Amino acid sequence: KSDLLNYKGVGIKQGKGVLQQHAKHWSIDAQGEGVKGKMVLAKNKNTPLDVRLDSLNLNKLEFPEGGQQAHAKPKQIPSTLLVIDEFTWSDINLSNLAADLRAVETGLRVESYQVDDPYLKVKGEGLWQSNAGGLQHSFIEFDASTQDMRVALQKIGIKNLLKSGE
């Protein structure tokens with residue numbers, strides 16, 4: 001239990017967690033301001049990290065100088081199977097996200113991802129990499145569908161995205 005847990009420079013306020021050793025893996029049940037869920041670390045290093053979160057709100061985490069974008073580096077993220085029930089980042093609010101992320105020499109390959117939100121369904125794949133000079137490049141391919149375009153666009157924060165031009 002801590003007022004501020006820190007993992008690779010990212011801070012979680014009012015964090016607490018329970019670490020348990022099992023025969024073939026370690027598990028961490030963690031919660032704090034902005035995050036609640038479980039992480040499973042296999043003792044076999046070739047097995048992806050398994051992260052299942054009830055909620056992840058990146059707006060409530062503390063990032064080092066430069067913010068989330070400056071801190072994110074594709075080569076530092078391990079292969080991960082990721083499931084998030086409720087996800088918030090900036091103005092984006094989505095439910096039921098899943099992704100299979102694989103570490104590759106140049107960064108991170110997104111084998112598959114999907115969003116199964118009541119207002120937006122997305123399936124796709126992608127790549128996030130950086131070259132020797134640190135320049136980052138991202139590619140995504142996806143299919144999306146919705147029954148209510150207005151709500152779907154609100155959920156992905158399109159209003160502020162268009163205002164910012166990013």
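What you are looking at is a predicted structure, and each value in this text was computed from that prediction instead of being measured.

Draft legend 1. Here's a closer look at the overall build of the protein chain. Within the protein chain one finds 3 helices and 10 strands. By residue count, 26% of the 166 residues in the protein chain fall in the buried class. Taking contacts inside the protein chain between residues at least 6 apart in sequence as the whole, the part at least 24 apart equals 35%. With an accessible surface of roughly 11,100 Å², the protein chain has 54% of that area assigned to carbon and sulfur atoms.

Draft legend 2. Spotlight on the pattern of salt bridges. For the structure on display, the rule yields 5 salt bridges. One salt bridge connects Arg 102 with Asp 100, and the closest N-O pair in it is separated by 2.6 Å.

Draft legend 3. Focus on the nonpolar core. Membership of the largest hydrophobic core comes to 20 residues, with the highest contact counts inside it found for Leu 53, Leu 56, Ile 84, Phe 87 and Leu 97. Only strand 5 (49-57), strand 6 (80-89), strand 7 (92-104), strand 8 (107-117) and strand 9 (120-130) provide two or more residues apiece to this core. With residues near it in sequence (within four places) discarded, Leu 56 still touches Gly 34, Val 35, Leu 61, Ile 84, Glu 86, Phe 87 and Thr 88.

Draft legend 4. The arrangement of a nonpolar patch on the surface in detail. Taken together, the side chains of Leu 19, Trp 26 and Leu 41 make up a nonpolar region of the molecular surface, amounting to roughly 270 Å² of accessible area. By the secondary structure assignment, Leu 19 is in strand 2 (residues 10-21).

Draft legend 5. Quick peek at the layout of surface pockets. Counted as a void, the second largest pocket has a volume near 170 Å³. As for the second largest pocket, its lining consists of Leu 41, Ala 42, Lys 43, Asn 44, Lys 45, Asn 46, Thr 47, Pro 48, Leu 49, Pro 78 and Ser 79. Its residues assigned to classes, the lining of the second largest pocket comprises 5 nonpolar, 4 polar and 2 charged.

Draft legend 6. Structural context of unusual backbone geometry. For Ser 90, which is not glycine, the phi torsion reads 55° and is therefore positive. Looking at the element boundaries, Ser 90 is found in the loop between strand 6 and strand 7. One non-glycine residue, Asn 96, adopts positive backbone phi at about 55°. Of note, Asn 96 is situated in strand 7.

Rules of the game
Residues numbered from 1 in each chain as written. Predicted model: local features only at pLDDT ≥ 70, side-chain atom pairs only at ≥ 80, totals over all residues. Heavy atoms only, no water. Helix = DSSP H or I, 4+ residues; strand = E, 2+ residues; numbered from the N terminus. Buried < 20%, exposed > 50% of the residue type's maximum accessible area, 1.4 Å probe, protein only. Contact = heavy atoms within 4.5 Å. Areas by Shrake-Rupley, 256 points an atom, 1.4 Å probe, with all protein chains shown as cover. Salt bridge = Lys/Arg side-chain N within 4 Å of Asp/Glu carboxyl O. Core = buried A, V, L, I, M, F, W, Y, C linked by side-chain atoms within 4.5 Å. Patch = residues over 30% accessible without salt bridge, like charges linked within 9 Å, V, L, I, M, F, W, Y side chains within 5 Å. 1 Å grid on protein atoms, 1.4 Å probe; cavity = no way out; pocket = protein on both sides within 12 Å on 5 of 7 lines; lining within 4 Å. Points joined across faces, edges and corners; volume = space filled by probe spheres on them. Nonpolar A, V, L, I, M, F, W, Y, C, P; charged D, E, K, R; others polar.

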